[in-house]
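# Descriptive structure summary
The residues making up each chain are set out below.
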Amino acid sequence: MTELDGDVSRVTVTGELTEAARRPLVRVVTDQLLSVPTLSRVELLLGGVTFMNSAGMAVLVQLQRMTQPRAVTVALVSPPAAVARPLQLTGLWRRFEVVDPDAGPADAGGSPPSGAQTRRPDGPDGRSA
């Protein structure tokens, strides 16, 4: 489901975020980029994602790369542990703005969702473990 609110597109993603999700997500974001010249932000509502593999992570990176030339922000909204943990472990977590609606926007590489470990994969002091 996609909802447009001014220059912000909200895309609801549910189920498994895998290679099968690539075409539909790329199509939706491409349509938004082409039809909304003032688009400034794409919010991926991820609360309903139950599983994500490396292909799913690649889709998120692809969406970010697609929007980057127009300075459109890709934000991950309410990512569950199934999304947050793989992104944290690979270091991709820091590439995205992460939004927890209860706490407001976090900086890129912000806090993991509630229930997830708060220790970053690179160690609590920023050094590699």
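Residues numbered from 1 in each chain as written. Predicted model: local features only at pLDDT ≥ 70, side-chain atom pairs only at ≥ 80, totals over all residues. Heavy atoms only, no water.

## Notes on the environment of V83
Formally: Every helix listed is a DSSP run of H or I at least four residues long, and every strand listed is a run of E at least two residues long, numbered separately from the N terminus. Working rule for contacts: check all heavy atoms of both residues, and any pair within 4.5 Å makes them a contact.
By the secondary structure assignment, V83 is in helix α3 (residues 81-90). Spatially, the C-alpha atoms of V83 and T50 are 8.1 Å apart, while their sequence positions differ by 33 residues. Setting aside residues up to four positions removed in sequence, V83 forms contacts with L46, V49 and M52.

## With respect to the nonpolar core
The condition is simple: The nonpolar core is taken to be a set of buried Ala, Val, Leu, Ile, Met, Phe, Trp, Tyr and Cys residues, with the residues joined through side-chain atoms within 4.5 Å. Buried residues are those whose accessible area, probed at 1.4 Å on protein chains only, stays under 20% of the maximum for their type, while exposed residues exceed 50% and partly exposed ones sit between those limits.
Of all hydrophobic cores here, the largest spans 30 residues; its most connected members are L17, L25, L44, L60 and L87. Elements that contribute at least two residues to this core include exactly β2 (8-17), α1 (22-35), β3 (41-52), α2 (54-67), β4 (73-77) and α3. Non-local contacts of L60, meaning those with residues more than four positions away in its chain, are made with L17, L44, M52, L76, L87 and F96.

## Some details on the side chain of Q32
Along the polypeptide, Q32 turns up in helix α1. Aside from chain neighbours lying at most four places away, what touches Q32 is T2, L4, S9 and L39.

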